[in-house]
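What follows is the residue order along each chain.
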Amino acid sequence: MKKIWVLTLILGLIWACKKGNDMIEEEDIFAGFVQPSNFPKPAYDLSRNPVTKDGFELGKKLFYEPRLSRNNTIACGSCHIQGAGFTHHGHDVSHGIDDRLGTRNPMPIMNLAWHTEFFWDGGVFDLDFSPVNAIHSAVEMDETVTNVLLKLRARPEYPALFKKAFGTEEITDVLFFRALSQFMLMATSSDSKYDKVMRKEDGASFTESEARGYLFFKNNCANCHKEPLFTDLSYRNNGIRPNRSDDKGRAIVTGNVNDEYKFKVPSLRNISFTAPYTHDGRYLTVSRMLDHYRHDMVDSPTLDPLFRQADGSLGIIMTEEEKADLMAFLKTLEDPTFLSNKLLAEPFGSDFIVN
């Protein structure tokens with residue numbers, strides 16, 4: 001009996017130590033928003049919405065909260081899946097409430113602190129306002145912000161969480177949006193092999209194929225996919241054939257015919273995980289996307305001049321060997337730390353059971 005008591009005591013002490021260490025690790029893991037050393041200054045004004053542990057945790061809970069949709073089934077995280085670079089893996093266009101289909105492929109939630117306009121057409125100019133599109137969309141969440149706030153106020157846990165995050169139990173639209181922004185601001189991808197090479201960390205270096213691919217990239221792709229974000233944040237017509245819905249992209253926002261069929265240049269970071277590609281998800285692989293630039297471009301008045309060659313041909317001249325090297329380089333943009341970061345992962349528990 002004494003041996004059993006001693007064994008129980010030892011196991012209890014081990015469990016307590018492990019739990020204490022886990023708590024320390026959990027507390028230490030949150031360092032707030034950190035600007036990567038090889039990145040420019042963020043565009044988002046962090047002084048008006050500084051990222052705090054409590055604000056971030058509230059934003060994370062809201063990001064994965066299905067009550068943001070009309071029938072409490074669709075969360076932001078439903079179409080922005082972490083393992084897929086916060087895109088909607090396996091779907092050409094977004095699949096929302098009641099399995100309704102959208103018209104565009106969800107863009108990744110990644111490095112948004114450096115963006116000033118959002119979505120394929122740049123129709124939203126402030127990160128704080130970006131959730132409105134999905135909440136009010138009839139094919140995504142089909143809800144209203146007003147109703148969302150009513151549902152959150154009816155939940156006993158939310159007033160206390162808003163109190164911890166913002167010093168008030170009042171659940172307002174401003175604080176709701178700021179909390180979501182704090183979560184999205186923390187979705188920073190900056191720990192790929194490319195980043196390690198650029199920062200000269202741990203003797204990191206490109207292979208010969210990656211180095212050749214990087215050189216080809218700088219000579220042929222970097223005008224649009226500018227380092228280190230791998231997007232210049234502009235809107236361009238890259239010769240994609242208009243789809244059945246005749247989506248005119250940026251022109252829908254500006255009303256300018258010169259913007260027809262122009263879409264925001266997407267980042268190439270984590271491209272291996274963000275398939276399918278283009279605004280309507282028509283290409284399933286990186287290889288097929290590159291082949292578009294080689295021999296599948298469609299001419300139009302707004303086609304980007306970069307794709308017009310001196311001999312009158314369209315696209316990017318690329319041999320099979322150059323394509324292989326470029327694909328090798330693009331794989332250096334994969335960031336496993338970002339894709340598996342527990343800080344950004346979906347929480348589980350009874351709080352997310354709808355009732």
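Residues numbered from 1 in each chain as written. Predicted model: local features only at pLDDT ≥ 70, side-chain atom pairs only at ≥ 80, totals over all residues. Heavy atoms only, no water.

**Looking at the confidence of the model for the protein chain**
(1) Moving on: Looking at the protein chain as a whole, the pLDDT averages 91, with 90% of positions reaching at least 70.
(2) Moving on: This stretch, residues 1-11, has a pLDDT under 50; its non-local contacts, to residues over four places away or in other chains, come to zero contacts.
(3) Moving on: When the criterion is pLDDT under 50, residues 18-27 qualifies, and its contacts beyond four places in sequence or with other chains add up to zero contacts. (pLDDT = per-residue confidence, 0-100. Contact = heavy atoms within 4.5 Å.)

**A closer look at helix α7 (residues 173-185)**
In an α-helix, one turn spans 3.6 residues; hence positions three or four apart end up facing the same way.
(1) Moving on: For α7, with 13 residues, the first-to-last C-alpha span of 18 Å sits near the 18 Å given by 1.5 Å per residue.
(2) Moving on: Residues of α7 that are buried: L175, F176, F177, A179, L180, S181, Q182, F183, M184 and L185.
(3) Moving on: Among the structural elements, α2 (53-63), α4 (130-136), α5 (145-153) and α6 (157-166) are those in contact with the buried residues of α7. (Helix = DSSP H or I, 4+ residues; strand = E, 2+ residues; numbered from the N terminus. Expected span 1.5 Å × (residues − 1). Buried < 20%, exposed > 50% of the residue type's maximum accessible area, 1.4 Å probe, protein only.)

**Observations regarding unusual backbone geometry**
Across residues other than glycine, the phi torsion is negative in most instances, and most of the peptide bonds are trans.
(1) Moving on: A cis amide bond, omega 0 degrees, links E227 with the succeeding residue P228.
(2) Moving on: Tracing the backbone through its elements, the reader meets P228 in the loop between α9 (208-220) and β1 (235-236).
(3) Moving on: Cis rather than trans, the peptide bond between A275 and P276 has omega equal to 0 degrees.
(4) Moving on: Phi at D99 takes a positive value of approximately 60 degrees, unusual for a residue other than glycine.
(5) Moving on: By the secondary structure assignment, D99 is in the loop between α3 (76-79) and α4.
(6) Moving on: With a relative accessible area of 54%, D99 lands in the exposed category.
(7) Moving on: For D202, which is not a glycine, the phi torsion comes out positive at approximately 50 degrees.
(8) Moving on: The topology assignment puts D202 in the loop between α8 (193-198) and α9.

**Notes on α2**
(1) Moving on: Along α2, eight of the eleven residues are buried, which leaves the element largely enclosed by surrounding structure.
(2) Moving on: Every buried residue belonging to α2 is among G55, F56, L58, G59, K60, K61, L62 and F63, and all of these are buried.
(3) Moving on: Looking at the buried positions of α2, the neighbouring elements they touch are α3, α5, α6 and α7.

**Some details on the packing of aromatic side chains**
(1) Moving on: Taken as a whole and judged by the stated rule, the model has 23 aromatic pairs.
(2) Moving on: Centroid distance F33 to W114: 5.7 Å. Interplanar angle 40 degrees. Geometry classified as tilted. In this pair, F33 sits in the loop between α1 (2-28) and α2 while W114 sits in the loop between α3 and α4, placing the two residues 81 residues apart along the sequence. The residues F33 and W114 share a single accessibility class, namely buried.
(3) Moving on: Ring geometry for F63 against F86: centres 6.0 Å apart, planes inclined by 80 degrees, an arrangement best described as edge-to-face. Of this pair, F63 sits in helix α2 while F86 is found in the loop between α3 and α4, placing the two residues 23 residues apart along the sequence. Summarising the burial analysis for this pair, F63 and F86 share the class buried.
(4) Moving on: Linked through ring pairs, F56, F63, Y64, F86, F183 and F338 together constitute an aromatic cluster.
(5) Moving on: It is R48 that lies over the ring of Y44; its NZ or CZ is 4.7 Å from the centre. (Phe/Tyr/Trp six-rings, centres within 6.5 Å; stacked < 30°, edge-to-face > 60°. Lys NZ or Arg CZ within 6 Å of the ring centre and 35° of its normal.)

**Focus: the environment of E143**
(1) Moving on: Mapped onto the secondary structure, E143 falls in the loop between α4 and α5.
(2) Moving on: As a C-alpha pair, E143 and N71 span 72 residues in sequence and 8.5 Å in three-dimensional space.
(3) Moving on: Setting aside residues no more than four positions away along its own chain, E143 makes contact with L68, S69, R70, I135, H136, V148 and K151.
(4) Moving on: At 3.1 Å, the side chain of E143 and the side chain of N147 are in polar contact. (Polar contact = N/O pair within 3.5 Å; in protein donor to acceptor, adjacent residues only side chain to side chain.)

**What to know about the nonpolar core**
Generally speaking, soluble globular proteins have nonpolar side chains that are buried together.
(1) Moving on: L62 and F176 are the most contacted members of the largest nonpolar core, which has 48 residues in total.
(2) Moving on: Mapped onto this core, the elements with two or more residues apiece are α2, α5, α6, α7 and α13 (336-339).
(3) Moving on: Apart from the residues within four sequence positions on either side, L62 is in contact with L68, L152, Y158, F162, F176, A179 and L180.
(4) Moving on: One finds F217, C221, A275 and L290 within the second-largest nonpolar core, a separate group that totals 28 residues. (Core = buried A, V, L, I, M, F, W, Y, C linked by side-chain atoms within 4.5 Å.)

**What to know about the environment of K151**
(1) Moving on: Relative to the helices and strands, K151 is located in helix α5.
(2) Moving on: With 79 residues separating them along the chain, K151 and N72 place their C-alpha atoms 9.9 Å apart.
(3) Moving on: Those residues within four positions of K151 in sequence are excluded, and the remaining contacts are R67, S69, R70, N72 and E143.
(4) Moving on: Within the local environment of K151, its side chain forms a polar contact with the backbone oxygen of S69, the two atoms lying 2.6 Å apart.

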